[in-house]
Every structure is written in structure tokens, then in C-alpha cells.
Amino acid sequence: MLEVQDVRLDPQTRRAWRAGVEVALSRKEFDLVHALISRAGEIVTRDELMREVWNTSFWSSSKTIDVHLGWVRRKLGDDTRRPTLITTIRGRGLRFEVTEPVHGGASV
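Here the structure is a predicted model, which is why all the values come from computation and not from measurement. (Residues numbered from 1 in each chain as written. Predicted model: local features only at pLDDT ≥ 70, side-chain atom pairs only at ≥ 80, totals over all residues. Heavy atoms only, no water.)

(A) Structural context of the side chain of Thr 87. Note that Thr 87 resides in strand β6 (residues 86-89). A distance of 2.4 Å separates the side chain of Thr 87 from the side chain of Glu 97, its partner in a polar contact. (Helix = DSSP H or I, 4+ residues; strand = E, 2+ residues; numbered from the N terminus. Polar contact = N/O pair within 3.5 Å; in protein donor to acceptor, adjacent residues only side chain to side chain.)

(B) Structural detail: the sheet that holds strand β3 (residues 15-18). On the basis of which strands lie adjacent, the open sheet formed by four strands has the order β1-β2-β3-β4 and antiparallel pairing. Because the sheet does not close on itself, it has two edges, and the strands there are β1 (2-4) and β4 (21-23). Pairs of neighbouring strands in the sheet enclose a mean axial angle of 25°, with direction left out of account. Examined bridge by bridge, β3 and β4 share three bridges and lie antiparallel to one another. Its bridge partner lying in β4, Arg 18 is registered against Val 21. In this fold helix α1 (residues 27-37) packs onto β1, β2 (7-10) and β3, with an angle of close to 110° to the strand it touches most, β2. (Pairing = 2+ DSSP bridges. Axes fitted to C-alpha atoms, helices over the stretch in contact; angles between N-to-C directions. Contact = heavy atoms within 4.5 Å.)

(C) Representation of the nonpolar core. The biggest cluster of nonpolar side chains holds 25 residues, and the ones touching the most others in it are Leu 36, Leu 49, Ile 86, Leu 94 and Phe 96. Ranked by the residues each element gives to this core, the list is headed by α1, at six residues. Residues in contact with Ile 86, not counting those within four places in the same chain, are Leu 36, Leu 69, Val 72, Arg 73, Asp 78, Leu 94, Arg 95 and Phe 96. (Core = buried A, V, L, I, M, F, W, Y, C linked by side-chain atoms within 4.5 Å. Buried < 20%, exposed > 50% of the residue type's maximum accessible area, 1.4 Å probe, protein only.)

(D) Structural context of unusual backbone geometry. Residue Ala 19 is not a glycine yet carries a positive backbone phi of 55°. When you line up the elements, Ala 19 lands in the loop between β3 and β4. On the basis of relative accessibility, which here comes to 54%, the residue Ala 19 falls in the exposed class. Even without glycine at this site, Asn 55 takes up a positive phi of about 50°. Accessibility expressed as a relative area gives 64% for Asn 55, which makes it exposed.

(E) A look at the sheet that holds β6. Spatial strand order, β5-β7-β6: three strands in an open sheet with antiparallel pairing. On the outer flanks of this sheet lie β5 (43-44) and β6, each paired with one strand and no other. Inspection of the sheet shows β5 paired to strand β7 (residues 93-96) by two bridges, in the antiparallel sense. Note on β7: the bridge partner recorded for Ile 43 is Arg 95. Contacting β5, β6 and β7, α1 runs over the sheet at an angle of about 75° to β7.

(F) Main features of the packing of aromatic side chains. Following the criterion strictly, the structure yields zero aromatic pairs and no others. Stacked on the ring of Trp 17, the Lys or Arg Arg 8 has its end atom at 4.5 Å from the ring centre. (Phe/Tyr/Trp six-rings, centres within 6.5 Å; stacked < 30°, edge-to-face > 60°. Lys NZ or Arg CZ within 6 Å of the ring centre and 35° of its normal.)

(G) Spotlight on the confidence of the model for the protein. Per-residue confidence for the protein gives a mean pLDDT of 90; residues scoring 70 or more make up 88%. With pLDDT under 50 throughout, residues 104-108 is counted as low confidence; its partners more than four residues away or in other chains account for two contacts. (pLDDT = per-residue confidence, 0-100.)

Written as C-alpha cells, this is what we have:
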């Protein structure tokens with residue numbers, strides 16, 4: 001069982017919860033969250049995500065990750081404009097935050 005912030009993931013049963021409420025994720029959505037939450041606090045590159053989640057070393061579409069990320073954020077209730085769970089580190093990748101980020105004057 002993986003748990004970061006109030007998101008819990010059970011890789012055995014492929015089930016997810018946010019604040020104790022089960023969240024229905026598709027297979028790819030679950031794989032995306034698993035790839036990020038299993039390395040919470042670390043930046044995961046888009047290349048790594050394409051290999052781990054989509055099992056490919058080439059980009060089938062530059063929007064594939066963004067589209068799935070949008071669905072995941074909505075399902076987990078993460079504000080797409082000011083996300084606190086999964087943040088985009090421009091030019092580097094994505095990071096599942098260990099604690100809620102502080103939004104201030106500094107940009108990431």
C-alpha cells in the first residue's frame with residue numbers, strides 16, 4: 001500500500017482512494033499515478049513515464065501524458081490550475097508532492 005498526502009494506492013488490487021473515498025481510475029490512469037506516487041518527491045521525466053506507463057520509447061502523441069494527467073487530477077480533486085498533488089516541473093517532468101506545496105512568489 002502506498003500513501004502520500006491523502007492519496008492511497010493498492011498496487012495489488014489496483015485500487016485508489018482520496019481522503020478515504022475510493023476513486024475509479026482506468027488502467028493507464030492507475031499506472032500513471034503509481035509511477036508518480038511510488039517516487040513521491042522526485043521528478044519523473046516524461047520519457048520515463050512513456051516507458052513505464054505506455055511501454056514505449058517513442059512519443060505516440062505529445063499530449064498523451066497531459067490528457068491522462070488532466071483526467072487523474074480531476075478524479076483526485078486536484079485543482080488543475082494550482083495542483084497540490086501532482087505538479088508539473090516545467091522542462092523537467094512531473095512530481096507527486098510529498099506535502100502540499102506552498103504557492104507564493106517563487107515559480108518552479
